[in-house]
2 protein chains.
Amino acid sequence: MTVTTTTSADLRSESVRSLYDQVMARCKDIDHLMGIGGILHWDQEVMMPSKAAAVRSEQMSVLVGVAHEMLTSPVHGALLDELEHRKQHEDLTAVLNPYELANIRLARKTYRDETLVPRDVVKASAALNSKSSAAWAAARKESDFAKFAPLLEEQIKMVRKSIGYKILGGANEEAGKINAKARASLGLSETDDCYKGYYQGLMNLYETGFKEDRLQALFADLKKHLIPLIAKIKAKNFQHDNSFLLRDYDIKRQTEFSHSLAKKIGFDTDAGRLDVSTHPFSGGAHPTDVRMTTRYTLNNLQEGITGTVHETGHSVYEQGRNKEYFGTPVSHALSLGIHESQSLLWERMVGLDKPFWTYALPLLKEKFPEDTQLQSVTVDQFYNGFNRVEPGFIRIEADEVTYPMHVILRYEIEKALVEGDIQVADVPAHWNAKMKEYLGLEVTEDRLGCLQDVHWSFGMVGYFPTYSLGSIYAVQIFTHAREKIPNLDEHLAKGEFHVLKEWLNKNVHEQGSLRESGDDLVFDMTGKHLDSSLYVKYLTDKYTAIYDL
Amino acid sequence: MTVTTTTSADLRSESVRSLYDQVMARCKDIDHLMGIGGILHWDQEVMMPSKAAAVRSEQMSVLVGVAHEMLTSPVHGALLDELEHRKQHEDLTAVLNPYELANIRLARKTYRDETLVPRDVVKASAALNSKSSAAWAAARKESDFAKFAPLLEEQIKMVRKSIGYKILGGANEEAGKINAKARASLGLSETDDCYKGYYQGLMNLYETGFKEDRLQALFADLKKHLIPLIAKIKAKNFQHDNSFLLRDYDIKRQTEFSHSLAKKIGFDTDAGRLDVSTHPFSGGAHPTDVRMTTRYTLNNLQEGITGTVHETGHSVYEQGRNKEYFGTPVSHALSLGIHESQSLLWERMVGLDKPFWTYALPLLKEKFPEDTQLQSVTVDQFYNGFNRVEPGFIRIEADEVTYPMHVILRYEIEKALVEGDIQVADVPAHWNAKMKEYLGLEVTEDRLGCLQDVHWSFGMVGYFPTYSLGSIYAVQIFTHAREKIPNLDEHLAKGEFHVLKEWLNKNVHEQGSLRESGDDLVFDMTGKHLDSSLYVKYLTDKYTAIYDL
């Protein structure tokens, strides 16, 4: 089955360059519409008056509808088909450079993704999302998984159905049944369960091109080393003091401090804004218009700082995107994992480490001169208090050692669910058993267990692994940067963050979606595919020292 | 010539209701796109980082392009044509109510306005606007009209060309030459100058349906009475003290005071925002999402207050628009003059008068308790200082007595220019002579004279009269409200502004574009067409008392 059967004879006579330019002109218009959507989203979270919610949702739906129509228009399809035809008959590398070739590949992938799933399935999925997320919120409130279970059941079926169309290339068979050809392409025998391989399809939505068998190997390695490491820290039965972080700190001065850190790291405030919202995010429209948010808590200094540094990592990526190819697909971030690697690199590799606080602690003390406890804290004490490890129930509150276990647990459950190896009703039991095994915790309430995350209620299955891929990428990229940038730690200790930022601009941000996966990006950068041993070594060395293991 | 010749046979079999619903569904989508444009405009003026200017302009252009395509699509035209056909063969009032009938009329007018001018003329006009406004800014800086004159010349030609297409109903003749049929429809003889009647066409763009001969009569009456009144005030050679307004007032507390006034008048802060921008405006997307701005000056208390009350008048109009017909043309404001009447009614009829300050002055004093001069000011002293009349060169700084003369001067010049009675080179001489005659001032610099306003540089000819129509409407509507609302002044003196606001909601805001002109609206409301004598009486009585004439 081909994506579209429309191929105008007129197009055959046009040059590859002309076809490419026409596709890119359309992509740029769509990019602007999506950029407008980014501004509207920011406005909604930060500025919009409450009564505007209903009309904003209608506006977004019209905007997305227009963009979708442009994206799936037969003209767009015909142009892409003609380029595909040329690719099979001419050497396009003679006419188009690697960025341009990537643009064709990416535009075609988006076109397929948008056209393979029938419109009525997309609509049914959106309707289910509303119903299902409302049910999830209600169930979480009452901490009663049974109330969410029927909707999760429907979501799993819907997720299989949608991704089924993509895996099967839009074939019209009943979705969810992989046909013989698709089975073969997935390396499945006739006797294999028919949903095997579906998780790989879902992963591609969020972590483009990343192979699930690679993910399994990485996660197995993490489990092997991190479960014992966490147990060892716990057994130590010792905790560093962090009471100096939990005193009341004036929000206005917290804000000033966070803004100064963001600017110092390299966030260009003439090309973006930093505001406050309930859930921090980095968004906006364009490298010249990045909108990020953070939040401050009066009696938790760490939350505002790490939140801001994290979002600044996302935002300097956005501001650093390729200028020559603005508005075209290749200028966009490669994957969620790679995007997360940039926020985590700044949040953890830089912002949790001693060089950073050698620079920043004196400034923090200047900001709060009247706080005598803070004044007496040394960089070492600050570092130890800032890096406490404490296994807990909630993923988004987890430290960098326990975080991967939260993700692996979710990955194992969602894969088993979507591929048919466990039933929805058994989710709480699986969840609780894994929490016990990985973190040594007894889950007593679904609210603190399998009902804590919103993702599944929106049909987002395959998303969770990107969080941990991000942290493994971050260590590998930062380790490489330290080898390549002379005296990096000394620069960081002096607040000369631009050295690292500019290196990342060149080696990550400007690379955009030139490569087919994050694995390829780190291979081309470091000579090795994504390597969990670096991550394990980083955590083991760091926390062996902090907890004197 | 008809607007479109596409009439699908399929449409003939559809019911009027179905045709209407289809047109309205399209109008609502377009309305949402324009609403998004309103949010983007607000963002640009209030929030946007500076480097985003270039991409924002591209986003707007894509958005407007998409809306224009929907608005001018052959499907839209065919639906409107079919409804026009039915109108001539059926009694539509049996099926559609007056709001719905107005919606068809308005949708058809917009379709015609958008399709009659060829796309290349629209583009050439947009390009000229960029060039011409840049030339204007440079010329104003150097106070040298000669530097702007060639571009103004081009603008006058372009304005004639564009409006020519609309007047001639899209005929393909060389624009600017009225053909015999059009001449006849304008009541022109063969010997009349061929641009006669063009000003009426231009006026329709801003003050829909208002007849220019009515405007001429109103303006003649104002000249007759206001020129002597201004001269009398001047001859008095006396000025009321307003030094208490020109002291330093903390901006934060000015902001709080203005916000409390806006809320008290009835601006719903859950359905809108009040922020600060260089040029105050009221905009946004929808009655549930109105964005207005004001500005504050440290040593001018009047500026922030009147600016806020003015924009609040616009904004309560927007928030009060018809809820049943949200998103359809009839729910929108009738004309610029009617919109301005609502801002001016609150700014002047309410906000400059004693009942308002009987309520507000004590609150103002509470806000600035340490200002001993302000504490000692009485309501009468405040009123006299707040209502100083001082003829000046600059329109936007003018008081309510001299303001109309600024407008009439511009109207006379722009009409003569566009209809070919004067030449561009003679504009400064005409301007300066009229300033002398109307306000007794000698213009010594073009910067303070014919170069002060941006309008002509954007081809906006026919816009200026709406400012003064707004003030005449305001007096007539307020005079009527005072007759209809028992004890209105007592309510205002107690800060019970909702009584007036709700009356305006019902009698003006919810009426939307139901009528064909502002003249019709006030006729239906008050039993009289727009009447300048009320305005003249209001000003004469008020300032005779203030200046003891």
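Given the structure is predicted, the values throughout are model-derived calculations rather than measurements.

This part takes up the packing of helix α6 (residues 119-142) of chain A against helix α7 (residues 145-167) of chain A. Residues and elements named next belong to chain A. Contact geometry for α6 and α7: axes closest at 9 Å, N-to-C directions at 150 degrees. The angle between α6 and α7 places the two elements in the roughly antiparallel class. The interaxial crossing formed by α6 with α7 has left-handed handedness. Judged by residue contacts, V121, A124, S125, L128, N129, K131, S132, A135, W136, A139 and E142 of α6 engage K147, F148, L151, E154, Q155, M158, K161, S162 and Y165 from α7.

A few words now on the domain arrangement of chain A. All names here are of chain A. The domain architecture assigned to chain A consists of domain 1 (1-116) and domain 2 (197-549). One C-alpha centre belongs to domain 1, the other to domain 2; they are set 31 Å apart. Taken together, the contacts link 23 residues of domain 1 with 25 residues of domain 2. Summing both partners gives a buried area of about 1,900 Å² for domain 1 against domain 2, and 63% of it is carried by carbon and sulfur. Ranking the residues of domain 1 by area buried against domain 2 places D31, W42 and Y99 at the top, with a combined share of 32%.

Once that is clear, we can look at the environment of L71(A). All names here are of chain A. Tracing the sequence through the fold places L71 in helix α3 (residues 53-71). For L71, a relative accessible area of 13% gives the class buried. Spatially, the C-alpha atoms of L71 and R26 are 8.0 Å apart, while their sequence positions differ by 45 residues. Filtering out sequence-adjacent residues up to four positions away, L71 remains in contact with I30, H76, T110, Y111 and E114.

Residue and element names in this part refer to chain A. With respect to the secondary-structure elements, I338 resides in helix α13 (residues 336-350). For I338, a relative accessible area of 0% gives the class buried. Considered as a pair, I338 and H509 are 171 residues apart in the sequence and their alpha carbons are 9.5 Å apart. Excluding residues that lie within four positions of it along the chain, I338 makes contacts with E207, Y317, Y473, V508, G518 and L521.

A word on the interface of chain B and chain A. On the chain A side, the residues contacting the 33 residues of chain B number 33 residues. Where chain B abuts chain A, roughly 2,700 Å² becomes buried across the two surfaces, and 64% of that area is made up of carbon and sulfur atoms. Summed over the shared surface of chain B and chain A, the number is six salt bridges. Between D43(A) and R291(B) there is a salt bridge, and its shortest N-O distance comes to 2.8 Å. For the pair chain B and chain A, the number of links is 14 residue pairs in polar contact (both at pLDDT 80 or more). At the level of elements, α2 (16-46), α3 (53-71), β1 (272-276), β2 (282-286) and β3 (289-294) of chain B are the ones that each hand at least two residues to the side of chain B that touches chain A. Ranked by residues supplied to the side of chain B that touches chain A, first place goes to α2(B) with nine residues. Along the lines of polarity and charge, the residues of the side of chain B that touches chain A split into 15 nonpolar, eight polar and ten charged.

This part is about the pairing of β3(B). Residue and element names in this part refer to chain B. With six of its six residues buried, β3 lies for the most part within the structure. Judged by which residues are buried, β3 turns out to be covered on both faces: D289, R291 and T293 on one side and V290, M292 and T294 on the other are all buried. Here β1 runs beside β3; their pairing, made up of five bridges, is parallel. Of the residues in β3, the one forming a bridge with L274 is M292.

Thresholds applied
Residues numbered from 1 in each chain as written. Chains lettered and ligands numbered in written order. Predicted model: local features only at pLDDT ≥ 70, side-chain atom pairs only at ≥ 80, totals over all residues. Heavy atoms only, no water. Axes fitted to C-alpha atoms, helices over the stretch in contact; angles between N-to-C directions. Helix = DSSP H or I, 4+ residues; strand = E, 2+ residues; numbered from the N terminus. Parallel < 35°, antiparallel > 145°, perpendicular 65-115°, else oblique. Left-handed = near helix turned anticlockwise from the far one by under 90°. Contact = heavy atoms within 4.5 Å. Domains from an automatic or database assignment. Buried area = accessible area lost by both parts, 1.4 Å probe. Buried < 20%, exposed > 50% of the residue type's maximum accessible area, 1.4 Å probe, protein only. Salt bridge = Lys/Arg side-chain N within 4 Å of Asp/Glu carboxyl O. Polar contact = N/O pair within 3.5 Å; in protein donor to acceptor, adjacent residues only side chain to side chain. Nonpolar A, V, L, I, M, F, W, Y, C, P; charged D, E, K, R; others polar. Pairing = 2+ DSSP bridges.

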